[in-house]
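So you can see what is in the structure, the chains are spelled out below.
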Amino acid sequence: MSRTIQQKLHAQHRAWQSDHEAWLIDINEWKKELRTALADLREVEDMLRDSLDGLEVHADALWEEGQRLRAHELALGKEVMAGERKKTDKQWAAIHHRQLARHERTVDAHTRIKKYQHAVVAEIVRLVKQARRGM
């Protein structure tokens, strides 16, 4: 039995309606996902601001460490130039050991910050490029 043109058109219209309903379900789900993503991005923004604050603290610590190092060099140089030995070699060794330990902690911190910085910024750049492609 052959279907009429009207029956064929009606069947096609039902299929289209089904597509529209499925697409509306997709859109509602995508809206939920984007709302969640926006909340996550606000959280990421807060973390990035905290990272900026952390970089300021790190920069201040580096400046202070540089000041301590220059003061140490100056004191050591003055002693050497004056031919005096106000501090014993053991005292200088202890001071140097503390400076070394501080420097090693700074190296570790800077390495961790650098790794985090590169990874996070690269991921953000990738995300922005991907988002721009879709617009």
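Placed above this text is the structure.
Anyway, here's the lowdown on the structure attached to this text. Given the structure is predicted, the values throughout are model-derived calculations rather than measurements.

Reading guide: rules and limits
- Residues numbered from 1 in each chain as written.
- Predicted model: local features only at pLDDT ≥ 70, side-chain atom pairs only at ≥ 80, totals over all residues.
- Heavy atoms only, no water.
- Helix = DSSP H or I, 4+ residues; strand = E, 2+ residues; numbered from the N terminus.
- Rg over C-alpha atoms; globule rule 2.2 N^0.38 Å.
- Buried < 20%, exposed > 50% of the residue type's maximum accessible area, 1.4 Å probe, protein only.
- Areas by Shrake-Rupley, 256 points an atom, 1.4 Å probe, with all protein chains shown as cover.
- Lys, Arg positive; Asp, Glu negative; His and termini not counted.
- Charge placed at Lys NZ, Arg CZ, Asp CG, Glu CD.
- Expected span 1.5 Å × (residues − 1).
- Contact = heavy atoms within 4.5 Å.
- Patch = residues over 30% accessible without salt bridge, like charges linked within 9 Å, V, L, I, M, F, W, Y side chains within 5 Å.
- Salt bridge = Lys/Arg side-chain N within 4 Å of Asp/Glu carboxyl O.
- Axes fitted to C-alpha atoms, helices over the stretch in contact; angles between N-to-C directions.
- Parallel < 35°, antiparallel > 145°, perpendicular 65-115°, else oblique.
- Left-handed = near helix turned anticlockwise from the far one by under 90°.
- Nonpolar A, V, L, I, M, F, W, Y, C, P; charged D, E, K, R; others polar.

## Concerning the overall build of the protein chain
Now for step 1: Of regular secondary structure, the protein chain possesses 2 helices and 0 strands.
Now for step 2: Compactness check: the protein chain gives a C-alpha radius of gyration of 33 Å against a globular reference of 14 Å for 135 residues, more than 25% above the reference.
Now for step 3: Seen through its C-alpha atoms, the protein chain measures out along the principal axes to roughly 115 × 25 × 20 Å.
Now for step 4: With 135 residues in all, the protein chain has 7% of them scored as buried.
Now for step 5: Surface exposure of the protein chain reaches about 12,000 Å², of which carbon and sulfur atoms provide 61%.
Now for step 6: Computed over 25 positive and 22 negative side-chain charges, the inter-centroid distance for the protein chain is 3 Å.

## Observations regarding helix α1 (residues 5-82)
Now for step 1: Taking 1.5 Å per residue as the helical rise, α1 with its 78 residues ought to reach 116 Å, and the 110 Å between its terminal C-alpha atoms agrees with that figure.
Now for step 2: Those residues of α1 hidden inside the fold are in contact with α2 (89-134).
Now for step 3: Immediately downstream of α1, the backbone of Gly-83 shows phi near 70°, a positive value.

## Looking at a nonpolar patch on the surface
Now for step 1: A contiguous nonpolar surface patch, about 570 Å² in accessible area, is contributed by Leu-38, Leu-41, Val-44, Met-47, Leu-48, Tyr-116 and Leu-127.
Now for step 2: Contributions of two or more residues to the nonpolar patch are made by α1 and α2.
Now for step 3: Ranked by residue count, the leading element in the nonpolar patch is α1, at 5 residues.
Now for step 4: Among the secondary structure elements, Val-44 is positioned in helix α1.

## Topic: a negative patch on the surface
Now for step 1: Where like charges cluster on the molecular surface, the negative patch consists of Asp-40, Glu-43, Asp-46, Asp-50, Asp-53, Glu-56, Asp-60 and Glu-64.
Now for step 2: Mapping Glu-43 onto the fold places it in helix α1.

## Details of the side chain of His-72
Now for step 1: Mapped onto the elements, His-72 comes out in helix α1.
Now for step 2: Excluding residues that lie within four positions of it along the chain, His-72 makes contacts with Trp-92, Ile-95 and Gln-99.

## Digging into α2
Now for step 1: In a regular helix each residue adds 1.5 Å, so 46 residues correspond to 68 Å; α2 covers 67 Å between its end C-alpha atoms and thus fits that length.
Now for step 2: Taken residue by residue, α2 has Trp-92, Ile-95, Gln-99 and Ala-109 as its buried positions.
Now for step 3: Check the buried side of α2 and you find it contacts α1.

## Digging into the side chain of Gln-99
Now for step 1: As for its position among the elements, Gln-99 is in helix α2.
Now for step 2: Residue classification places Gln-99 among the buried residues on the basis of a relative accessible area of 10%.

## Notes on the packing of α1 against α2
Now for step 1: One way to put it is that α1 packs onto α2 with a least axis distance of 10 Å and a crossing angle of 155°. The angle between the axes of α1 and α2 places the two elements in the roughly antiparallel class. Note that α1 runs across α2; the crossing there is left-handed.
Now for step 2: Taken together, the residues of the contact of α1 with α2 break down into 16 nonpolar, 7 polar and 4 charged.

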